[in-house]
Amino acid sequence: MKPTPTDKLWTPANIVTLVRICLVPLFVVALLSPWPQWFGLPQVADDSKSLIAAGIFILISCTDWLDGYLARSRGEVTDFGKFMDPLADKILVAAALLALIELGALPSWVVLVILAREFIVSGVRMVAASEGVVIAASWYGKAKTVSQMVAIVLFTIKDSYMVGSVHAAFSDWMWMISWLVMIVALVLTIVSMLDYIDKARHLIGLKPKEPKRKRRGSKDARAVTPEPVSPVAPAESQGLSDADLARIAPEALETLASTVLSAARAAGKTIATAESLTGGLIAATLTQIPGSSDVMRGSVVSYATEVKSLVLAVDPDTIAAHGVVSEQTAKAMAQGARAELRCDVAVAVTGIAGPGGAEPGKPVGTVWLGCADDCGTVKAEMRCFAGTREQVRLQTVRAALQVMQHALESR
């Protein structure tokens, strides 16, 4: 039975994320409200109250690391967690900055810069997601987050002077340190925003898309008009766009592999691969995710034709009649992997990565992907990828993971 979304909602990582959000009001109340008077604790001075609020903020900030660790170590990366985790950070930072404005410890323009950056980056990510592109966070963004957190703690402990003489301001070492860290945070805020925009410039219209190159062998360039690429068009006649490259980036493949593993766990199924041109890359992408061993059975790297027959039981007559790169061979490889590795769902890939090896009707970049499951369903589909040898292999990894994901989620 296909699980409902609630089956994967209450993971330990997601619970920690929700607790982090629920603790934000506690920090605001501890910093702004006269709670010592409410509880009859007049001995708690304002300085002590600020220290307590700073301690709560540090505690909440540390849970950001905890939920990420739990999700990765337990192999429980969920769509809900990917949505709520960054949102929780933004809620915490925004609440802290607004509270500091309320106290008069921070000018509003600082908060405006930080919040404007978050809105802009969120918009860029949304556009990228609609194109199926994952923009990985750079070290600028991570450094920005850390510096913002440190600056907020410093401003919480020691209020900044909003007015006063230059001599009075620079004679207070806490004021100097607080503003120094905040300035670093603001610089990193702007730089990280520009980095995101630069990575997505081809998606938001800041960089024109590269025109398709003319097919080789065309004698009259004026006769060439944009046409849909044929499934068996020569791979070398097509270039990869920035969006295509982003889809096969390590971070994007890792995210897709995590989704496949989560789908296998939700379906209660085991998985395996049979790989020819990828040489084990699909299995390596899956097994680099912590906890993958609970559903990943293994892989057969059948690079040589003889291995396809001896290990995966592909009939030599099938190879002789249809070729190594064919629908029939891909299906047989998937069936052989499922039988040999005793898994529920197996994906097989066979193709021509290049730069040589092209055959009539099978140009470089031609790949057949087979899939076999425990219900007796055996399917195969052909793709023709562009780019270099390594890019063809990485695109095959992505396609194989998508085929496996579909097979698991459709059950």
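Throughout, a residue's number is its position along its own chain's written sequence, starting from 1. Where local features are concerned, this predicted model is filtered to residues with pLDDT of at least 70; where side-chain atom pairs are given and counted, the filter is 80 or more; whole-chain, interface and lining totals use all residues. No hydrogens and no water enter the side-chain calculation; it runs on all heavy atoms of the structure.

- Going by an unreviewed UniProt entry, the protein chain carries the name CDP-diacylglycerol--glycerol-3-phosphate 3-phosphatidyltransferase and comes from Paraeggerthella hongkongensis.
- As stated in UniProt under Subcellular location (unreviewed entry), the record for the protein chain gives "Membrane". UniProt positions are given in the numbering used here, feature names are shortened, and annotations may be inferred rather than shown by experiment.

### Some points on the overall build of the protein chain
Part 1: Secondary structure elements follow DSSP: runs of H or I of four or more residues count as helices, runs of E of two or more count as strands, with numbering from the N terminus. Looking only at helices and strands, the protein chain features 15 helices and 5 strands.
Part 2: Counting every atom, the protein chain has about 21000 Å² of accessible surface; 63% of that belongs to carbon and sulfur. Areas reported as accessible are Shrake-Rupley estimates using a 1.4 Å probe. Residue values count occlusion only from the protein chains shown.

### What to know about the pattern of salt bridges
Side-chain pairs of opposite charge can arise where the charged atoms are in close proximity.
Part 1: By convention in these notes, a salt bridge is any Lys or Arg side-chain nitrogen within 4 Å of a carboxyl oxygen on Asp or Glu. Across all of its chains, the model carries 13 salt bridges by this definition.
Part 2: Between Lys90 and Glu118 there is a salt bridge; the shortest N-O distance is 3.4 Å. Residue Lys90 is located in helix 4 (residues 79-103), and its partner Glu118 is located in helix 5 (residues 108-130); the two are separated by 28 residues in the primary sequence.
Part 3: The classification of residues rests on relative accessible area computed with a 1.4 Å probe and restricted to protein chains. Under 20% of the type maximum is buried, over 50% is exposed, and intermediate values are partly exposed. When its relative accessible area of 25% is taken as the criterion, Lys90 is described as partly exposed.
Part 4: On the accessibility criterion, Glu118 (11% relative accessible area) is buried.
Part 5: For Lys331, the salt bridge is made with Glu327, and the minimal N-O distance between the two is 3.2 Å. Taken as a pair, Lys331 and Glu327 lie in helix 14 (residues 327-341) at a separation of 4 residues, close to a single helical turn.

### Details of the packing of aromatic side chains
Part 1: Think of it this way: a Phe, Tyr or Trp ring, Trp meaning its six-membered ring, pairs with another when their centres are within 6.5 Å, and the plane angle makes it stacked under 30 degrees, edge-to-face over 60, tilted otherwise. The tally for this structure, following the rule as stated, stands at 3 aromatic pairs.
Part 2: With a centroid separation of 5.4 Å and an interplanar angle of 50°, the aromatic rings of Phe27 and Phe57 are classed as tilted. Separated by 30 residues along the polypeptide, Phe27 in helix 1 (residues 12-32) and Phe57 in helix 3 (residues 46-73) bring together distant segments of the chain.
Part 3: Note on Phe57: relative accessible area 0%, which makes it buried.
Part 4: When the ring of Phe155 is compared with that of Trp179, the centres are 5.4 Å apart and the planes differ by 85°; the resulting orientation is edge-to-face. A residue pair is termed long-range when its members are at least 10 positions apart, and Phe155 in helix 6 (residues 139-157) and Trp179 in helix 8 (residues 173-199) qualify at 24 residues.
Part 5: Owing to a relative accessible area of 14%, Trp179 belongs among the buried residues under this scheme.
Part 6: Members of the aromatic cluster, joined through ring pairs, are Trp109, Phe155 and Trp179.

### Observations concerning the packing of helix 6 against helix 8
Part 1: Simply put, an axis is a line fit to the C-alpha atoms, just over the touching stretch for a helix, and the angle between two N-to-C directions goes from 0 to 180 degrees. Relative to each other, helix 6 and helix 8 sit at 155°, their axes nearing to 8 Å. Classified by the angle between their axes, helix 6 and helix 8 sit roughly antiparallel to one another. The way helix 6 lies across helix 8 gives a crossing that is left-handed. Of the residues in helix 8, those in contact with Tyr140, Gly141, Ala143, Lys144, Ser147, Gln148, Val150, Ala151, Leu154 and Phe155 of helix 6 are Met174, Ile177, Ser178, Trp179, Val181, Met182, Ala185, Leu188, Thr189, Val191, Ser192 and Asp195.
Part 2: Polar here means any residue outside two lists: the nonpolar Ala, Val, Leu, Ile, Met, Phe, Trp, Tyr, Cys and Pro, and the charged Asp, Glu, Lys and Arg; Gly therefore counts as polar. Split by residue class, the contact of helix 6 with helix 8 holds 14 nonpolar, 6 polar and 2 charged. Should an angle fall under 35 degrees it is called roughly parallel, over 145 degrees roughly antiparallel, and 65 to 115 degrees roughly perpendicular, with every other angle called oblique. Left-handed describes a crossing whose near helix is turned anticlockwise from the far helix by less than a right angle; the clockwise case is right-handed. The contact criterion used is simple: two residues touch if any of their non-hydrogen atoms lie within 4.5 Å.

### Here's the deal with the environment of Phe119
Part 1: Relative to the elements of secondary structure, Phe119 occurs in helix 5.
Part 2: The exposure class assigned to Phe119 is exposed, which follows from its relative accessible area of 67%.
Part 3: Separated by 74 residues in sequence, Phe119 and Met193 place their C-alpha atoms 10.0 Å apart.

### Brief notes about unusual backbone geometry
Part 1: Between Gly354 and the following residue, Pro355, the backbone shows a cis peptide bond with an omega angle of 5°.
Part 2: Looking at where Pro355 falls in the secondary structure, it is placed in the loop between strand 3 (345-351) and strand 4 (366-373).
Part 3: One non-glycine residue, Ala313, lies in positive phi territory at about 60°.
Part 4: Mapped onto the elements, Ala313 comes out in the loop between helix 12 (305-310) and helix 13 (316-322).
Part 5: Residue Arg342 is not a glycine yet carries a positive backbone phi of 55°.

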